[in-house]
Each structure stands twice: as C-alpha cells, then as structure tokens.
Amino acid sequence: MTVHLEVAEGVGTIRLDRPPMNALDVATQDRIRELAEEATRREDVRAVVLYGGEKVFAAGADIKEMQRMDHAAMVLRSRALQDSFSAVARIPKPVVAAVTGYALGGGCELALCADFRIAAENAKLGQPEILLGLIPGAGGTQRLARLIGASKAKDLIFTGRMVKADEALTLGLVDRVVPAEDVYTEAHAWAAKLAQGPAIALRAAKEAIDTGLETDIETGLAVERNWFAGLFATEDRERGMRSFVEEGPGKAKFV
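These figures come from a predicted structure and were not determined experimentally.

(A) Local environment of the nonpolar core. One finds L50, F57, V99, L125 and L173 to be the most contacted residues of the largest nonpolar core, which totals 45 residues. By residue number, the principal contributor to this core is helix α3 (residues 71-89), which donates five residues. With near-sequence residues (within four places) excluded, L125 lies in contact with V99, A103, L104, C108, R161, M162, V163, A168, L173 and V174. Counting 15 residues, the second largest nonpolar core, distinct from the first, contains V11, A47, V49 and V178.

(B) Summary view of the pattern of salt bridges. Applying the stated criterion across every chain yields a total of 14 salt bridges. The shortest N-O distance in the salt bridge between R42 and E38 comes to 2.9 Å. Take R42: its relative accessible area is 26%, and that puts it in the partly exposed class. With a relative accessible area of 24%, E38 lands in the partly exposed category. Close ionic contact of R239 with E235 constitutes a salt bridge, the shortest N to O distance being 3.1 Å. Remark: E235 and R239 occur in helix α11 (residues 235-247); sequence separation between them is four residues, near one turn of the helix. The class for R239 is partly exposed, based on a relative accessible area of 27%.

(C) Quick look at empty space enclosed by the protein. Following the criterion strictly, the structure yields one cavity of 30 Å³ or more and no others. For the largest cavity, the calculated volume is near 30 Å³. Around the largest cavity sit I14, L16, I32, L50, Y51, F57, V88 and L110, which together line it. Of all the secondary structure elements, the ones that give two or more residues to the lining of the largest cavity are β2 (11-16) and β3 (47-51). Taken together, the residues of the lining of the largest cavity break down into eight nonpolar, no polar and no charged.

Rules used in this analysis
Residues numbered from 1 in each chain as written. Predicted model: local features only at pLDDT ≥ 70, side-chain atom pairs only at ≥ 80, totals over all residues. Heavy atoms only, no water. Core = buried A, V, L, I, M, F, W, Y, C linked by side-chain atoms within 4.5 Å. Buried < 20%, exposed > 50% of the residue type's maximum accessible area, 1.4 Å probe, protein only. Helix = DSSP H or I, 4+ residues; strand = E, 2+ residues; numbered from the N terminus. Contact = heavy atoms within 4.5 Å. Salt bridge = Lys/Arg side-chain N within 4 Å of Asp/Glu carboxyl O. 1 Å grid on protein atoms, 1.4 Å probe; cavity = no way out; pocket = protein on both sides within 12 Å on 5 of 7 lines; lining within 4 Å. Points joined across faces, edges and corners; volume = space filled by probe spheres on them. Nonpolar A, V, L, I, M, F, W, Y, C, P; charged D, E, K, R; others polar.

Now the structure itself:
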C-alpha cells in the first residue's frame, strides 16, 4: 500500500509511503480517501497527523500518469481527486500536517486540508501547476485563497513559484517551523495533546469554524449557537465545569 494508517496514543498517522517523492497517483489518492474515512469512523483515533516521512511530504501528482489522460478521462477523474482530499478536510477531529522537504502541487493541497501545519526548516511549498499549463485541481485555488488571502494565493498560483519554510510562515501557509528532525515529534505531540481533549467539543469547534468560513455570518452564528447549546448535554461539559469550579482551569479529564 502507498498510504498507511498507524494509531498510537489516540493519534492516527496517515503516512504516505510511495518513494522516492510520494507522487500522488490515482491509487494513492484513493487510498488517502479510504484512510481519511477510516480515521473519521474509528473511536480510537482522536486526532490525526499527515506525514510523508523524513525526506519529503509529497512532491505532487504523478505527472507521467496524468500525461496519459485526455480531457474525457480527467472529467471523470477530477471529482474523485477532489473527493479524496476533501475526505481529509472533513475529518471531524484535529488534523496536523507534518511537512518535510517538498510539498508541491497535490502535496501542498493535501497539507491545506489540515487544521494546522508544522514545517521543517528545509521545507518547500508551492502550487506549480501553471508551469504545466494547468491550475491546481485538488482544492488549491479554494483552500489556499481562504487560508492566506486572494492576492497572496494568486501570486503563488500565477507564478508557480516555490516558497521556503520561512516565507511560508510569513504568508500563513504554515503555522510553525522546526528543525527537520523534530517535525513529526512536534506534530504528534500537538495531536496527542488534543486527543486528550473533549472530542465532541473539538468536533463542534471545527465544524463551526469551517462552516462559518463557507457561509454568511448569520448562518455561522446559528451553527455555533446550536453546537454551544448542544454541548450542555455532554458528560465532558459536566466534567469540565465541575473541574473548573473545584480545581481551577485546565485540570479536567475528559472521556
């Protein structure tokens, strides 16, 4: 298999394993969707790390495979491509991308599906599809613009240029930059900490934020209001408030 799901301490690591560059061919795309859906279902997975290994996150699509596809073939395939990445974005649990080496094209688009991105000092990110006479097709035109703003996204997509980790941090494309040898450790620690949190409340927070970004503020406020009230029916809410009153903040043990 070109992608694996490994679970430890409540954290599911979706690990790309297609050396040397983790090129995202059709089989890999489909496997990403399968494992994202599995991570969504599994109760022992409370948070997720996306990881491509120590040397590279994912250098993009399999260009040789794409070259053999004509318009009709890509019309049929493009929805499945987007669905694979959207399955990652829809995981109702905290997701962090641990980015080492190259995250280009589809690799960058996959990282954009995470809630948080930790990059190695040697990471390089970008959307170089324009250099092939194409545009990003796995959500890049949409998620990148929503993350860093339209003009900055247009700069990266129009030019196809790569950005190093320090510029990616300045742009808001990544959230933290650490030494390469620490990327996975940092990402797993972030995920493991959240895996101990209130799962339903975390799901509610993610859905409220993501829905709000896609709609008008009144609809977003309605989603927030419904989740906020609904969480008063959970055991975690009872535990959290009781612990706060009796022991002070930050000491609750959630179930």
